[in-house]
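# A structural walkthrough
Given next are the chains, with one letter for each unit.
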Amino acid sequence: MTDCCCKKPCAPKREPWMTGDVETPVGKVPTIGTRLTLRDELGALKVRFAIGRNNYTIEPGLYAIGEPTPESPVFVSANYKLSFDHLRCALGGTDGWVLVLDTKGINVWCAAGKGTFGTAEIVNRVQQTKIDQIVSHRKLIVPQLGAPGVSAPEVAKQSGFGVLYGPVRAEDLPKFLAAEFKATPEMRRVRFTLRDRIAVIPVELVIWFKQALGLAIALALLSGISRNGYSLANAPHAFVLVFTAWLTGGAVVPLLLPWIPARAFSLKGLWVGLMLWIVLGSANLLGASPLTELGWGLILVSVVSFMALNFTGTSTYTSMSGVKKEMKIAIPIQLIAAISGTVLIIIGGLR
Amino acid sequence: MKHLKNVVTLKLDEEKCIGCGLCSTVCPHEVFSIVDKKAYIIDLDACMECGACAGNCPIGALSVDSGVGCASGIINGLLNGSGECCCDKGGTCA
Ligand code: SF4
Ligand code: SF4
């Protein structure tokens, strides 16, 4: 992250998105550009596909946007470059300060859940950057999604800075500022729109690719057992089926989420898995014998249902109590279905 | 979109509440309504147990058993004691 070896005060490394400096009573603060370059966009695309997702970071500290004065607002952000880019992009035309916390390169929401985006780090960063000598007011605009990690009363007590919770989405910031730090209920709400869900599909598929590959190899090998000896003739079939289930669980479920009946994610997955079973079964694509067919049906359903259950982590509205309750019932059933499916495929091959 | 019914652990002590409204400000799912300087839970099932309200309430009138609302986070928690949430990969939480 940092290759700075100098003794303090350690100037932040020059980054392509820095455009200059502003002088402050405590030294120079780098200015950041508010237009995203091709390089920023490509970086964003890469993390969308889960490439190098864990080290897309920027140096924590204080930055300037536009030509800020001591009266300009202070925006708190995470040091995940994607969060930071959203913010600076939304702040085009605004003069302000950006206080970047060290969240270990994790976005605001997840870091708040872990507590790295939180009261202690805000207080620490306020002190380290000596921002109290730079601005004349005592307000920090903290993204609302950071609230699970932050206690506004505690921050005020420990740092002297009051917390104003900004809107959920950075793009609403100009409106929030224009309305004198007031967010409409709409700006406060977390949604899970079709666009949001489409955006997470690539990552969903990448995350599960390895498991799907492992399962496909295992089932391809097992489906080769037959009375007449061993053959890998069925292997491509096994691969196609497992990866169809993978695609269904990772793309179709997120896409259709609100329209699939049932509240529990595993049940949503079950319905979609059954549809897949019916479609492939009626096209005679599940295998020659009824046993093999049944076996593959169970595998498809359990894979789709399990992936759907795991999609609770990406969704924005499930609670821990809800997911735990769902898991207790769903996971044993999914396991039994998957194991019975495998056994049936083996028996089907032997008959 | 809502998840399961009647599972959420959120509790509000209406007696204590001073009606500052911070809970309703931080809540991402409009669980609260503030009427006559008192907070009320109007949509309990919408709560995702993020803990924002309880952590920000200045007088501790709220409690919630907060944690990661995702299956792999819970599985990881059971397996190796750290409830790392899969939401690290989430594109929705900017
Ligand atoms: S944050 Fe606490 S005191 Fe303030 S309105 Fe909510 S419950 Fe009442
Ligand atoms: S825990 Fe989170 S979702 Fe639930 S009521 Fe509190 S702020 Fe809202």
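Residues numbered from 1 in each chain as written. Chains lettered and ligands numbered in written order. Predicted model: local features only at pLDDT ≥ 70, side-chain atom pairs only at ≥ 80, totals over all residues. Heavy atoms only, no water.

### Notes on the nonpolar core
Side chains of nonpolar character tend, in soluble globular proteins, to be buried together. How we decide: To form a nonpolar core, buried Ala, Val, Leu, Ile, Met, Phe, Trp, Tyr and Cys residues must be joined to one another through side-chain atoms within 4.5 Å. Accessible area is worked out with a 1.4 Å probe on protein chains only. A residue is then buried under 20% of its type maximum, exposed over 50%, and partly exposed in between. Contacts: residue pairs with any heavy atoms within 4.5 Å of one another.
Trp-97, Phe-117, Leu-140, Val-142 and Tyr-165 of chain A together with Leu-10 of chain B are the most contacted members of the largest nonpolar core, which has 58 residues in total. Ignoring any residue separated from it by four or fewer positions in sequence, one finds Val-142 of chain A in contact with Val-76, Phe-117, Ile-122, Val-150, Val-163, Leu-164, Tyr-165 and Gly-166 of chain A. Within the second largest apolar cluster, 35 residues are counted, among which are Ala-212, Leu-219, Val-304 and Tyr-317 of chain A.

### Quick look at the domain arrangement of chain A
So the rule is basically this: Domains are outlined according to an automatic or database domain assignment.
Domain annotation for chain A reports domain 1 (2-188) and domain 2 (194-350). Using only C-alpha atoms to locate each centre, domain 1 of chain A and domain 2 of chain A end up separated by 41 Å.

### A few points about the site of ligand 2
To be explicit about the condition: For this purpose, a residue is taken to be near a molecule or strand whenever a single non-hydrogen atom of the residue falls within 4 Å of it. Polarity classes work like this: nonpolar for Ala, Val, Leu, Ile, Met, Phe, Trp, Tyr, Cys and Pro, charged for Asp, Glu, Lys and Arg, and polar for all others, with Gly in that last group.
In the vicinity of ligand 2, the contacting residues are Leu-10, Cys-27, Pro-28, Val-31, Phe-32, Cys-47, Met-48, Glu-49, Cys-50, Gly-51, Ala-52 and Cys-53 of chain B. In terms of residue class, the shell around ligand 2 is made up of ten nonpolar, one polar and one charged.

### Describing the side chain of Thr-129 of chain A
All names here are of chain A. Basically, it comes down to this: Strands here mean DSSP runs of E at least two residues long; helices mean DSSP runs of H or I at least four residues long; both are numbered from the N terminus.
Along the polypeptide, Thr-129 turns up in helix H4 (residues 119-129). On the basis of relative accessible area, Thr-129 is assigned to the buried category, the value being 13%. Apart from the residues within four sequence positions on either side, Thr-129 is in contact with Val-26, Gly-61, Leu-62, Leu-99 and Ile-134.

### Some words on the pattern of salt bridges
Residue and element names in this part refer to chain A. The test is simple: Here, a salt bridge means any side-chain nitrogen of Lys or Arg that lies within 4 Å of a carboxyl oxygen of Asp or Glu.
This model, assessed by the stated rule, comprises ten salt bridges over all chains. For Arg-88, the salt bridge identified is with Asp-85, shortest N-O distance 2.8 Å. Here Arg-88 pairs with Asp-85, and both are found in helix H2 (residues 81-90), just three residues apart, close to one helical turn. Judged by relative accessible area, which is 1%, Arg-88 ranks as buried. Residue Asp-85 is classed as buried on the basis of its relative accessible area of 3%. Between Lys-157 and Glu-154 there is a salt bridge; the shortest N-O distance is 3.0 Å. Placement of the pair is Lys-157 and Glu-154 together in helix H5 (residues 152-159), with a separation of three residues, close to one helical turn. Taking the relative accessible area as the measure of exposure, Lys-157 reaches 66% and is therefore exposed.

### Topic: helix H12 (residues 320-350) of chain A
In plain terms, the rule: Between the first and last residue of a helix there are one fewer steps than residues, each counted as 1.5 Å, and that sum is the expected span. Fitting one axis to the seven residues ending at a residue and another to the seven starting there, the bend at that residue is the angle between the two axes.
Between its terminal C-alpha atoms H12 of chain A stretches 44 Å, which fits the 45 Å expected from 31 residues at 1.5 Å a residue. At Met-327 of chain A, H12 of chain A shows its maximal bend, which comes to roughly 35 degrees.

### A short note on the packing of helix H11 (residues 290-310) of chain A against H12 of chain A
All names here are of chain A. Note the cut-off: A fitted line through C-alpha atoms serves as each axis, taken over the contacting stretch for helices, and the angle formed by two N-to-C directions is quoted from 0 to 180°. Angle categories are assigned with fixed cut-offs, so that under 35 degrees is roughly parallel, over 145 is roughly antiparallel, 65 to 115 is roughly perpendicular, and the rest are oblique. Crossing chirality is assigned from the near helix's rotation relative to the far helix, an anticlockwise turn below a right angle marking it left-handed and a clockwise turn marking it right-handed.
Running from amino to carboxyl end, H11 crosses H12 at an angle of 150 degrees, the nearest separation of the two axes being 7 Å. It follows from the interaxial angle that H11 and H12 lie roughly antiparallel. You can see that H11 and H12 cross each other, and the crossing is left-handed. The residue makeup of the contact of H11 with H12, split by class, is 15 nonpolar, nine polar and one charged.

### Concerning the packing of aromatic side chains
Residue and element names in this part refer to chain A. To keep things clear, this is the line we draw: By convention, a stacked pair of Phe, Tyr or Trp rings (six-membered ring in the case of Trp) has centres within 6.5 Å and planes under 30 degrees apart, an edge-to-face pair has planes over 60 apart, and any other such pair is tilted.
Going through the model one piece at a time under the given rule, you end up with eleven aromatic pairs over all chains. Centre to centre, the rings of Tyr-63 and Phe-84 are 5.7 Å apart; their planes meet at 55 degrees, and the pair counts as tilted. One end of the pair, Tyr-63, is in strand S3 (residues 61-65); the other, Phe-84, is in helix H2, with 21 residues separating them in the sequence. You can call Tyr-63 buried: its relative accessible area is 1%. Classification of Phe-84 as buried rests on a relative accessible area of 0%. Here the aromatic rings of Phe-265 and Tyr-317 are separated by 5.8 Å at their centres, their planes lie at 50 degrees, and the arrangement is tilted. With Phe-265 in helix H10 (residues 265-282) and Tyr-317 in the loop between H11 and H12, this residue pair connects regions lying 52 residues apart in the sequence. Given the relative accessible area of 5%, Tyr-317 is considered buried.

### A short note on H4 of chain A
Residue and element names in this part refer to chain A. Residues of H4 that are buried: Thr-119, Glu-121, Ile-122, Val-123, Arg-125, Val-126 and Thr-129. Buried residues along H4 sit in contact with S3, strand S5 (96-100), strand S6 (139-143) and H5. Looking one or two places after H4, you find Lys-130, whose phi comes out positive at around 50 degrees.

### Points about the interface of chain A and chain B
One frequent convention defines the size of an interface as the accessible area lost when the parts assemble. The test is simple: As used here, buried area is the combined drop in accessible area, with a 1.4 Å probe, of two parts when they are placed together. Between N or O atoms, a polar contact is any pair within 3.5 Å; within protein, one atom must be a potential hydrogen donor and the other a potential acceptor, and residues adjacent in sequence are included only when both atoms are from side chains.
Contact with chain A, which involves 54 residues of that partner, is made by 45 residues of chain B. Taken together, the two surfaces of chain A and chain B that pack against each other cover about 4,400 Å², and 63% of this comes from carbon and sulfur. Taken as a group, Arg-263, Tyr-317 and Met-320 of chain A account for 17% of the area that chain A buries against chain B, more than any other trio of residues on that side. In this assembly, chain A and chain B are joined by one salt bridge. The salt bridge partner of Arg-189 of chain A is Glu-30 of chain B, with a shortest N-O separation of 2.9 Å. At the boundary of chain A with chain B, the tally comes to 16 residue pairs in polar contact (both at pLDDT 80 or more). Looking at the side of chain A that touches chain B, the elements that each hand over two or more residues are H2, helix H3 (108-114), H5, helix H7 (185-188), helix H8 (194-222), H11 and H12 of chain A. The element contributing the most residues to the side of chain A that touches chain B is H12 of chain A, with nine residues. Taken together, the residues of the side of chain A that touches chain B break down into 28 nonpolar, 14 polar and twelve charged.

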